[in-house]
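# Notes for the structure review
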Amino acid sequence: MDSQDGLDWRERQRRAVSAHAVADERRRAAEQAAAAELVAQFVAEAVRRGLPATRLTARSYDGRRRYRTRLRGWYVDRAQSRAIDLDGRFHLLTVPGGLRARLFGADPQPSPAPLVVGAGGRDGESMPLEILLARRLHEDDGA
């Protein structure tokens, strides 16, 4: 194998890695767009049904403390660790905590909603976002 073959191989590898990264980014963007649409539909339906929004709280990473937030919206899981605010933004409601959060409240930042909530976690703890949101709407139907 001469040095030219080695350069060609490295160039092919570099291009393959680059193509893979581009494809992965496109897939991620498509998933985020689909999840954002599901969240927007949820907010529209929640408002249409008159589902009461609540003041959201965040939990410390260790789970021992809860902190006030300025957010209003709907919790979408039983653990109250994920929520959608009135503006249709998805929030993971876990924060570092500390004295500042105790005194002034926490400020969890929105994050892109996943199509599968809890993916990569323990078995049985992941659920498609669409089902999670449908269950949340169904809970307030009195069921």
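Reading the values: rules and limits
Starting from 1, residues in each chain are numbered consecutively following that chain's sequence as written. Since the coordinates come from a predicted model, pLDDT governs what is reported: local features require at least 70, and pairs of side-chain atoms require 80 or more to be given and counted, while whole-chain, interface and lining totals use all residues. Computation of side-chain values covers all heavy atoms of the structure but excludes hydrogens and water. Only DSSP runs of H or I with at least four residues qualify as helices, and only runs of E with at least two residues qualify as strands; both kinds are numbered from the N terminus onward. Any residue under 20% of the maximum accessible area for its type is buried, any over 50% is exposed, and the rest in between are partly exposed; the area is computed with a 1.4 Å probe on protein chains only. The contact rule is simple, with two residues in contact once any of their heavy atoms fall within 4.5 Å. For the area figures, the Shrake-Rupley method with a 1.4 Å probe applies, and any residue is considered shielded solely by the protein chains shown. As used here, the arc belongs to the directions running from the helix axis to the C-beta atoms. Each nonpolar core is a collection of buried residues, namely Ala, Val, Leu, Ile, Met, Phe, Trp, Tyr and Cys, held together in the definition by side-chain atoms within 4.5 Å. Strands are treated as partners if at least two bridges between them are detected by DSSP. Every case where a carboxyl oxygen of Asp or Glu lies within 4 Å of a side-chain nitrogen of Lys or Arg is listed as a salt bridge.

Counting its secondary structure elements, the chain contains three helices and seven strands. For the chain, the α and β elements follow one another from N to C terminus as α-β-β-β-β-β-α-β-β-α. Every one of the 143 residues in the chain was classed for burial, and the buried ones make up 27%. Across the chain, contacts joining residues at least 24 apart in sequence account for 43% of those joining residues at least 6 apart. Per element, the accessible surface of the chain, about 9,900 Å² overall, is 51% carbon and sulfur.

Next up on the list: helix 3 (residues 129-139). Buried residues of helix 3: L129, L132, L133, R136 and L137, and no others. Projected down its long axis, helix 3 carries its buried residues within an arc of 135°, all on one side.

Here the focus is the nonpolar core. In terms of nonpolar packing, the biggest core is built from 17 residues, with F42, I84, L129 and L133 touching the most fellow members. Of all the elements, helix 1 (residues 3-49) adds the most residues to this core, at six residues. Once you skip the residues sitting within four places of it in the chain, L133 turns out to touch L38, V39, F42, V76 and I84. Counting residues in hydrophobic clusters, the runner-up holds 10 residues, among them L71, A83, A101 and A106.

Here the focus is the pairing of strand 1 (residues 54-60). Bridging between strand 1 and strand 2 (residues 66-75) involves five bridges; their strand directions are antiparallel. Within strand 2, the position partnered with A58 by the bridge is Y67. The antiparallel pairing of strand 1 with strand 2 creates a hairpin that spans five residues between the two strands, and G63 there sits at a positive phi of about 80°. Sheet topology note: the strand 1/strand 5 (residues 94-95) ladder contains two bridges and is parallel. Directly across from S60, in strand 5, lies its bridge partner V95.

Turning our attention to the sheet that holds strand 2. One open sheet holds the five strands; their spatial order is 4-3-2-1-5, and the pairing between them is mixed. Of all strands in the sheet, those bounded by a partner on one side alone are strand 4 (90-92) and strand 5. As judged from the three bridges shared by strand 2 and strand 3 (residues 82-85), these two strands associate in the antiparallel manner. Across the sheet, residue G73 finds its bridge partner in strand 3, namely D85.

All told, the structure shown has 11 salt bridges when counted by the stated rule. R14 is the salt-bridge partner of E11, the closest N and O atoms lying 2.6 Å from each other. Placement of the pair is E11 and R14 together in helix 1, with a separation of three residues, close to one helical turn. Owing to a relative accessible area of 27%, E11 belongs among the partly exposed residues under this scheme. Residue R14 is classed as partly exposed on the basis of its relative accessible area, which comes to 49%. Two residues, R28 and E25, come together in a salt bridge whose shortest N-O distance is 2.9 Å. Here R28 and its partner E25 are both found in helix 1, three residues apart, which amounts to about one turn of the helix. Classification of E25 as partly exposed rests on a relative accessible area of 43%. What you see here is one network of salt bridges that share partners, running through D24, E25, R27, R28 and E31.

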